[in-house]
Amino acid sequence: MEKHYDSKQAEAKWYPIWEKNGYFHQEPGVGEPYSVVIPPPNVTGILHMGHALNQTIQDILVRWRRMQGKNTLWLPGTDHAGIATQNVVEKALRKEGKRRQDLGREAFVDRVWEWKKQYGGTIVHQQRMLGNSTDWQRERFTFDEGCSRAVAKVFTQLYDEGLVYKGNYIVNWCPRCGTALANDEVEHEASHSHLWYVRYPVVGSEKGCAGEPYKDYVMVATTRPETLPGDTAVAVNPKDERYAHLIGKTVILPLTGREIPVIADDYVEKEFGTGIVKITPAHDPNDFLVGKRHNLEEINIMNDDGTMNNLAGAKYEGMDRFKCREVLVADLEEGGFLDHIEDYENQVGHCYRCHETVESRLSKQWFVKMKPLAEPAIEAVKNGSVRFVPERWSKIYFNWMENIQDWCISRQLWWGHRIPAYYFGENIVVAETAEAALEKAKAIDPNITAEDLKQDEDVLDTWFSSWLWPFSTLGWPEKTADLAYYYPTADLVTAQDIIFFWVARMMMAGIHFMGKPPFKNIVIHGIVRDAQGRKMSKSLGNSLDPLELIEQYSADALRFSIALITSLDCDTKVNKEKFEIGRNFATKIWNAARFLESKIADAAPAITGPLTSDEKHILLATDKACKKINSLLEQYRIQDSALAVYDFFWSQICDWYVEYVKDAPDKARAVAILVDVFKKALCLLHPYMPFVTEEVAHQLGFLKEGETIMLSSFPLGYSEEEKAAWGLDEATYDFVNSKREAITALRALRAEYKVPPSTFVKVTLASDDGRIRAEEESLKKAMRAESIEFAPAGQDFAMPSKITSFATVYLSLEGLVDKAAESKRIAGELAKLAGFIKASEAKLSNENFVAHAPEAIVAEAKRKLEENKEKVAQLEKLAKLFA
RNA sequence: GGGCUAUUAGCUCAGUUGGUUAGAGCGCUUCCUUGACAUGGAAGAGGUCAGUGGUUCGAAUCCACUAUAGCCCACCA
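The structure presented is a predicted model; accordingly, all values stated were derived computationally and were not measured.

(A) Local environment of the overall build of chain A. For chain A, the helix and strand inventory stands at 30 helices and 29 strands. Along the three orthogonal principal directions, the C-alpha set of chain A runs to about 110 × 65 × 55 Å. Counting the 883 residues in chain A, one finds 53% classified as buried. Nonlocal contacts in chain A, meaning residues at least 24 apart in sequence, comprise 78% of its contacts between residues at least 6 apart. Averaged over its 108 positive side-chain charges, chain A has a centre that lies 4 Å from the centre of its 128 negative ones.

Right, here's the structure in full:
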């Protein structure tokens, strides 16, 4: 093996082999299925730390399950991401000086497809760099033919069931671009504005004197006086005692003379303005909702280009909205309705493209009725057939599902699944295909031809295809073998921020269309943040680029570090240094393998004969590690499992057993054991660090060409027969741990008394455990002892000592020691011990403690107390020596 | 405003149903390079577990309040 591990070479070599040999692919049918669908990244996306985290967790689970022998499918794919993708292509067009309208719909959509062919593979390529074991033969796209068929079928079915309907909705509208904007396309900016205080006379009130023309009025504060002609109510808070008497009364809308009601709604803030709000349902999203609740008329007073229409009143018709504001305010003042004006700073939405002030506009949109879909989805989590991990996320899920609103699914875009609704005259037909629509239309009017049918111009929300992902990707609506075998999927791994958008909706779609929830476990992990705790984002420039990290530290390093620092319970702060852990670990594995390589020729063909305690210990430690790691992964405790495998490899194998092998009494057997343990360790490590484990397994000759560690079985530990044959038992395991304590104690003594490791020392061990004498040779080596004296426990020697749970270790000092410094140190130790002793004596004299605490706890406390007392005795003796 | 969460060593975080003298990694201090590995080894310093009160024989752990921070949703006419 080379002295240095070349991660790049290994990664470049193994991934294509895995993919080409079809190790990521399995056919449905045989064995127990384990399937996962990837949260599809946007096709426009590039790999960021969030993906790296999300996909590392999935790949660990998937590789582990595959090694367990499950029939495993991890299905990859991308999302067509309506707005994002359309924007990217429009931006490119703008560089050519064109708008999408110049191309026309069909040509534009062709152009986007072209873009997708050329650039859409970026993230898919980058995912391979991570080592994802996704089945690329089954890669899908939310806008491919099959997924599109599923979308059309779902829309049609929901329409037929009465769960899809068309209704009014407020959208963000850019009057200059003439298009609707999604919420994230609206940029909010603070702007200097005013609050206009306007008097709305109560019906029946009389004219007063000058300056206060009506005696009885309500005062309304508004930032949008020009929308006044569209008001259909005035609202107060139901708990607002000041205005309780007004509720149910009628007021006169200034300038129009129209009478509108005073209503009560929680939406109104008592403290803001006057506590009275004008309600303009057609021109404000909140007012729209209030209007829905109170059945108010929606009066649209504006044209699409931002000018006023005839409903605004003859005088204002045709006027630009801002011009209208000036004129209308002047008219209010003239009519005595304007009380006063205050300066006010508010957030105003602007079009992200042309920076025009965005208008809220009433429009017809398609909706899905969510309540009937939500109920069974709530039930599925309540009754435990679907489980959130960690469990607390179910609270958030319930909170949203129980207050669910209808879902507006139409979008005024060109890139996306066009709504399969067709219009002719006053009629609407909804069908999966244009042909089917024509059939349905002919049933209504036999003379209808294809040309008479006009398809809806809008497309569906991107999530309308994503919510079908777990079954549309498996072939639905066809009855495929994949669908029958791999649905429902096992685990869904995703971040908390799309529980509503995606997870909840998949639950509803899966139950509604497949009759079963789409997955059994929903694993929610945190979000990756930077060192300051900020969300990583392009605009902040604080993102770590996973590809750069792979370049610098290797994919294995990235994966392992992510696994180690990832907590399912909270967000993860990362900085570059964290990835050194993974890099160093890969190096450690490589170097340990090199050591083994140099000894492997000495290995005995089998592990036979009476094993030493150290050999028994490593075999049992391996057994324990296998069981622990399996169990932790079963519980989705990725971080703990990574720590366990790290600790097992580094502390158990490298720090202790490899050192033991160097001086083992029966080298052939010791190496044979190391080989066996190493094989298991590589398998345990493989889900976390696929490349280095594959490379090492081949370098060491554990696998032949054409074989892969990917398909080795994940170790479960040793069988009872093996354990019996080797004489593995807990007592020996504990004994070796105790022995190590003694070795550590001796090292500490050396450090304290500044005895260099190269110096051979005289050691005395006081213990009543007979097994210790049998270990003399190995102890001498481990302690670098010139000689070891054995003495019964409790015997005192005037030498520096450390007490362990198993023996008292004495170090004979032949050199000189700084007596004053030692006296001081001992005094410090004694003070500390006195505190412990006092505390534990108090505890043990407490009858309640002795009565209630478990026996083992009490016994341990007693033992500890005795030990501390003994330590004090030793130290006092030593203090005299140094006095 | 509604919902949720966090606060433990200088830093990032563990701490599984309440129970030994609260742990890990990084960083820091001291020592150690003739071969598996200095991307290493050995030893060590460092915490009144945010605060206050309560439940309990016993609280980092359970409850209440306070302070601070963060997330999601809704956002002020």
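Structure shown, so let's carry the discussion forward.
(B) Summary view of the side chain of histidine 417. The residue histidine 417 is located in the loop between β17 (410-411) and β18 (421-424) in this model. Ignoring anything within four residues of it in the chain, the contact list for histidine 417 reads His80, Thr142, Phe143, Ser148, Val151, Asp458, Val459, Leu460 and Ser465.

(C) Expanded view of unusual backbone geometry. Following valine 389, the chain continues to proline 390 via a peptide bond in cis, the omega torsion being -5 degrees. You can see proline 390 is positioned in the loop between β15 (387-389) and α11 (393-402). With an omega of 10 degrees, the peptide bond between tryptophan 476 and proline 477 qualifies as cis. Counting through the fold element by element, proline 477 comes out in the loop between α14 (469-472) and α15 (481-486). Positive phi is not limited to glycine here, since serine 554 has a value of about 95 degrees.

(D) A look at the pairing of strand β14 (residues 359-368). With nine of ten residues buried, β14 lies mostly within the body of the structure. Two elements, β14 and strand β16 (residues 407-408), share two bridges in a ladder whose sense is antiparallel. The residue of β16 that forms the bridge with phenylalanine 367 is cysteine 408.

(E) Broad picture of the pattern of salt bridges. A complete count under the given rule lists 47 salt bridges for this structure. With a shortest N-O distance of 3.3 Å, arginine 105 and glutamate 457 are connected by a salt bridge. Of this pair, arginine 105 sits in helix α5 (residues 105-119) while glutamate 457 sits in the loop between β20 (454-455) and β21 (459-460); the two residues are 352 residues apart in sequence, bridging distant segments of the chain.

(F) Here's a closer look at the sheet that holds β20. Strand order in this open sheet of three strands is β19-β18-β20, and the pairing throughout is antiparallel. Both outer strands of the open sheet, β19 (427-430) and β20, are each paired with one neighbouring strand and no more. Examined bridge by bridge, β18 and β19 share four bridges and lie antiparallel to one another. What sits directly across from tyrosine 422, in β19, is valine 429. Against the sheet, helix α12 (residues 434-444) touches β18 and β19, its axis set at about 140 degrees to β19.

(G) View of the protein's contact with RNA strand B. Close to RNA strand B lie 58 residues; Tyr344, Lys578, Thr587, Arg637 and Trp650 are nearest. Among atoms of RNA strand B positioned within 4 Å of the protein, sugar and phosphate together represent 57%. In this structure, a sugar or linking oxygen belonging to RNA strand B sits 3.0 Å away from a side-chain N or O atom of arginine 594. Contact distances for RNA strand B include 3.4 Å between a base nitrogen and a side-chain N or O atom of glutamate 659. Listed by contribution, the elements that provide at least two residues to the surface near RNA strand B are β8 (217-222), α11, α19 (579-599), α21 (638-662), α25 (730-752), α28 (819-844), α29 (847-852) and α30 (855-882). With nine residues, the top contributor of residues to the surface near RNA strand B is α19. Of the residues in the surface near RNA strand B, the class split is 22 nonpolar, 16 polar and 20 charged.

(H) Here's a closer look at the packing of aromatic side chains. All told, the structure shown has 41 aromatic pairs when counted by the stated rule. Ring centres of tyrosine 5 and tryptophan 590 lie 5.0 Å apart, and the angle between their planes is 35 degrees; this geometry places the pair in the tilted category. Of the two residues, tyrosine 5 is situated in the segment before α1 (7-20) and tryptophan 590 in helix α19; the sequence distance between them amounts to 585 residues. Summarising the burial analysis for this pair, tyrosine 5 and tryptophan 590 share the class buried. Relative to tryptophan 467, the ring of phenylalanine 464 lies with its centre 5.5 Å away and its plane at 45 degrees, an arrangement referred to as tilted. Summarising the burial analysis for this pair, phenylalanine 464 and tryptophan 467 share the class buried. Three or more aromatic residues joined by ring pairs form one cluster here, namely Phe155, Tyr159, Trp366, Trp407, Phe464, Trp467, Phe471, Trp476, Tyr487 and Phe513.

(I) Structural context of α11. Looking only at α11, the buried set comprises Trp393, Ser394, Tyr397, Phe398 and Met401. Along the long axis of α11, the arc covered by the buried residues comes to 140 degrees, so they all point the same way. Away from its buried face, by an angle of more than 90 degrees, α11 presents the exposed residues Lys395 and Asn399.

(J) Molecular detail of the state of the cysteines. Going through the model one piece at a time under the given rule, you end up with zero disulfides. The closest cysteine sulfur to the non-disulfide-bonded cysteine 626 is located on cysteine 683, 8.9 Å from its own sulfur. On the basis of relative accessibility, which here comes to 0%, the residue cysteine 626 falls in the buried class.

(K) Expanded view of the environment of tyrosine 422. Structurally, tyrosine 422 can be placed in strand β18. Each C-alpha atom of the pair tyrosine 422 and aspartate 452 lies 9.4 Å from the other, and the pair is 30 residues apart in sequence.

(L) Up close: the environment of aspartate 144. Along the chain, aspartate 144 falls in the loop between β4 (140-141) and α7 (145-160). When its relative accessible area of 17% is taken as the criterion, aspartate 144 is described as buried. Sequence separation between aspartate 144 and histidine 80 is 64 residues, and the spatial gap between their C-alpha atoms is 8.9 Å.

(M) Quick look at the nonpolar core. Residues Phe649, Phe678 and Tyr688 are the most contacted members of the largest nonpolar core, which totals 106 residues. Top contributing element to this core by residue count: helix α22 (residues 667-685), with 13 residues. The contact partners of tyrosine 688, leaving out residues within four places of it in the chain, are Ile60, Asp556, Arg559, Phe560, Ala563, Ile629, Leu633, Ile638, Ser641, Ala642 and Val645.

(N) Spatial organisation of the confidence of the model for chain A. Per-residue confidence for chain A gives a mean pLDDT of 87, with 95% of residues at or over 70. Across the interface, the model reports ipTM at 0.92; the global pTM reads 0.88.

(O) Structural view of α21. Over its 25 residues, α21 runs 34 Å from end to end, which matches the ideal 36 Å to within 8%, given 1.5 Å per residue. Of all bends in α21, the biggest is about 40 degrees, found at isoleucine 653.

(P) Geometry of the sheet that holds strand β6 (residues 179-181). One open sheet accounts for four strands, arranged β6-β5-β14-β16; its pairing is antiparallel. Across the chains shown, the open sheet's two edge strands, defined by having one partner strand only, are β6 and β16.

(Q) Highlighting the pairing of strand β1 (residues 33-37). Within β1, four of the five residues are buried, leaving the element largely enclosed by the surrounding structure. Handedness of the crossover is the feature at issue here: the chain leaves β1, passes through helix α2 (residues 49-67), returns alongside strand β2 (residues 71-75), and the resulting connection is right-handed.

(R) Layout of the packing of α25 against helix α27 (residues 776-783). Where α25 meets α27, the axes come as close as 10 Å, and the angle between the chain directions of the two elements is 35 degrees. Like other packed secondary-structure pairs, α25 and α27 cross with a definite hand, here right-handed. For the pair α25 and α27, contact is made by Lys739, Ala742, Ile743, Leu746 and Arg750 and by Ser778, Leu779, Ala782 and Met783, respectively. Of the residues contributing to the contact of α25 with α27, the split by class is six nonpolar, one polar and two charged.

(S) Quick peek at the side chain of glutamate 11. With respect to the helices and strands, the residue glutamate 11 is situated in helix α1. Nearest to the buried, unbridged glutamate 11 among oppositely charged side chains is lysine 8, at 7.2 Å. Among the polar contacts listed, one links the side chain of glutamate 11 to the backbone nitrogen of alanine 555, at a separation of 2.8 Å. For glutamate 11, the residues in contact, after removing those within four places along its chain, are Pro16, Ile550, Ser554, Ala555, Asp556 and Phe691.

What counts and how
- Residues numbered from 1 in each chain as written.
- Chains lettered and ligands numbered in written order.
- Predicted model: local features only at pLDDT ≥ 70, side-chain atom pairs only at ≥ 80, totals over all residues.
- Heavy atoms only, no water.
- Helix = DSSP H or I, 4+ residues; strand = E, 2+ residues; numbered from the N terminus.
- Buried < 20%, exposed > 50% of the residue type's maximum accessible area, 1.4 Å probe, protein only.
- Contact = heavy atoms within 4.5 Å.
- Lys, Arg positive; Asp, Glu negative; His and termini not counted.
- Charge placed at Lys NZ, Arg CZ, Asp CG, Glu CD.
- Pairing = 2+ DSSP bridges.
- Salt bridge = Lys/Arg side-chain N within 4 Å of Asp/Glu carboxyl O.
- Axes fitted to C-alpha atoms, helices over the stretch in contact; angles between N-to-C directions.
- Near = heavy atom within 4 Å.
- Polar contact = N/O pair within 3.5 Å; in protein donor to acceptor, adjacent residues only side chain to side chain.
- Nonpolar A, V, L, I, M, F, W, Y, C, P; charged D, E, K, R; others polar.
- Phe/Tyr/Trp six-rings, centres within 6.5 Å; stacked < 30°, edge-to-face > 60°.
- Arc of directions from axis to C-beta.
- Disulfide = S-S within 2.5 Å.
- Core = buried A, V, L, I, M, F, W, Y, C linked by side-chain atoms within 4.5 Å.
- pLDDT = per-residue confidence, 0-100.
- Expected span 1.5 Å × (residues − 1).
- Bend = angle between axes of the 7 residues up to and from the residue.
- Right-handed = clockwise from strand over helix to strand, strands pointing away.
- Left-handed = near helix turned anticlockwise from the far one by under 90°.

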